[in-house]
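# Descriptive analysis of the structure
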Amino acid sequence: MPVDLDDFTRIKEAGRYLYVDKTPQIARMILDDPRHVFLARPRRFGKTLLVSTLEALFQGEREKFQGTWMYRNWDWTRHGYPVLRLDMALRDIHDAAALRSELKFRMMEFGRAGDPVVLDMKMSPSQMLRTILRNRAEQAGREVVVLVDEYDTPITENLERKEEISAILDVLRAFYGTLKDNARLVRFTFMTGITRVARVGLFSGVNHLYDLSFNPRASDLVGFTQQDLEDKSRSGLRALIENGAHNLGWKTERLYQALEDHYNGYLFAKGGQTVYNPFSLVNCLYDISIVERAQVSA
């Protein structure tokens, strides 16, 4: 299993990684819920992998989905949308000017991709985003898909900088508010973060988003379920666990119980499923897959 790889295309194209199929849950989210969605989950929980999966899906890259439920069950004729994917995990942005400059740089990159969109550095990030949405929709003859990962990082990375946070919030409100103002140009919006930031008015600009974070139907959208671990036909995780139990000199049932006790405690909605943090579990499985039995027998 890839310990630190969160890109769907790279995982699938490598051909040597185990991928737990979440495409039935992804299809349910797209078909059953509103067109503009927000999902909060803790860090290292699979949000970025989900975003990259949605990118490949909406771009119509069917061959990448071989072996998944979606490959044979999805209506691929409806896809091939222009996708605007924005990773907001900006770790060294500590004031509004730096944030504004970085957003402009990202917008210029999007503008140069494919059929160029004419942008002016004198524009604000919001004006650039609006121009890109309108031009991409016009060029493609269909709406745009917008994927925003870790939308809240510029906030969470600057909570101690009280003199800067207000200006940073102003930039983000205007930028994200552009998505609401131009929602008619957007087929699907998916925004992730570690929390829905309260009491700062940030979400007033994107109050068209449906918060799926605590909906029971989304409880297993990211993270591994107990069934993922136990059912041979679902994922292949069971083989890794059986191998790990052998290396430890344990019975498989004992290892299952230890894993459940340590990692299966995340519940995001009443009536939903508990899930394992994938990063924690994958690291554990990696460690017990390489450990020498003699090392743990003592």
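Residues numbered from 1 in each chain as written. Predicted model: local features only at pLDDT ≥ 70, side-chain atom pairs only at ≥ 80, totals over all residues. Heavy atoms only, no water.

## Looking at the overall build of the chain
We apply this condition: To qualify as a helix, a DSSP run of H or I must reach at least 4 residues; to qualify as a strand, a run of E must reach at least 2; elements of each kind are numbered from the N terminus. For the radius of gyration, the atom set is restricted to C-alpha positions; the globular benchmark scales as 2.2 Å times the number of residues to the power 0.38. For every residue, the accessible area (1.4 Å probe, protein chains only) is compared with the maximum for its type, and the residue is labelled buried under 20%, exposed over 50%, or partly exposed between those bounds. What makes two residues a contact is simply this: any of their non-hydrogen atoms within 4.5 Å. To be clear on the numbers: accessible area is Shrake-Rupley with a 1.4 Å probe, and residue cover counts the displayed protein chains and nothing else. The convention is simple: Lys and Arg are positive, Asp and Glu are negative, and His and the chain ends are not counted. Where a charge lies is defined by one atom per residue type, namely NZ (Lys), CZ (Arg), CG (Asp) and CD (Glu).
When helices and strands are counted, the chain shows 13 helices and five strands. For 298 residues, the compact-globule formula gives about 19 Å, and the C-alpha radius of gyration of the chain, at 21 Å, lands near that figure. Taken along the three principal axes of its C-alpha coordinates, the chain extends 65 × 50 × 35 Å. For the chain, buried positions account for 50% of its 298 residues. Relative to all contacts within the chain whose residues are 6 or more apart in sequence, the contacts with residues 24 or more apart total 72%. Working note: accessible area of the chain is about 14,500 Å², and carbon and sulfur atoms make up 47% of it. Computing the positive centroid from 41 side-chain charges and the negative centroid from 40, the chain places the two 3 Å apart.

## Remarks on helix α10 (residues 237–248)
Operational definition: For a helix, the expected span equals 1.5 Å multiplied by the residue count minus one. Arc, as used here, means the arc of the directions from the helix axis to the C-beta atoms.
Over its twelve residues, α10 extends 17 Å from the first C-alpha to the last, a length consistent with the 16 Å expected when each residue adds 1.5 Å. Every buried residue belonging to α10 is among L237, I241, G244, A245, N247 and L248, and all of these are buried. The arc enclosing the buried residues of α10, seen along the axis, measures out at 160°, which places them on a common side. Downstream of α10 by a residue or two, G249 has a phi angle that is positive, lying close to 75°.

## Comments concerning the pairing of strand β4 (residues 186–193)
Our working rule: Think of it this way: DSSP has to see at least two bridges between two strands before they count as a pair.
Burial analysis of β4 places eight of its eight residues in the buried class, which makes it a mostly covered element. Bridge analysis of strand β1 (residues 36–40) against β4 gives five bridges, and the strand direction is parallel. Pairing of V37 across the sheet is with F190, part of β4.

## Re the packing of helix α2 (residues 23–32) against helix α3 (residues 47–58)
The test is simple: Each axis is a line fitted through C-alpha atoms, taken for helices only over the stretch in contact, and angles between the N-to-C directions span 0 to 180 degrees. Each angle is binned into one of four classes, with values under 35 degrees roughly parallel, values over 145 roughly antiparallel, values of 65 to 115 roughly perpendicular, and all other values oblique. Take the far helix as your reference; a near helix turned counterclockwise from it by less than a right angle gives a left-handed crossing, and one turned clockwise gives a right-handed crossing. Three classes are used: nonpolar for Ala, Val, Leu, Ile, Met, Phe, Trp, Tyr, Cys and Pro, charged for Asp, Glu, Lys and Arg, and polar for all others, with Gly counted as polar.
α3 packs onto α2 with a crossing angle of 70° between their chain directions and a minimal axis gap of 12 Å. Accordingly, the angle class assigned to the pair α2 and α3 is roughly perpendicular. Considering the relative orientation of α2 and α3, their crossing is right-handed. Here I26, M29 and I30 of α2 come into contact with α3, specifically with L50, T53, L54, L57 and F58. The residue inventory of the contact of α2 with α3, partitioned by class, reads seven nonpolar, one polar and no charged.

## A word on the side chain of N277
Mapped onto the secondary structure, N277 falls in the loop between α11 (252–263) and α12 (278–290). Those residues in contact with N277 that sit more than four places away from it in its chain are R43, R44, F45, Y263 and Y266.

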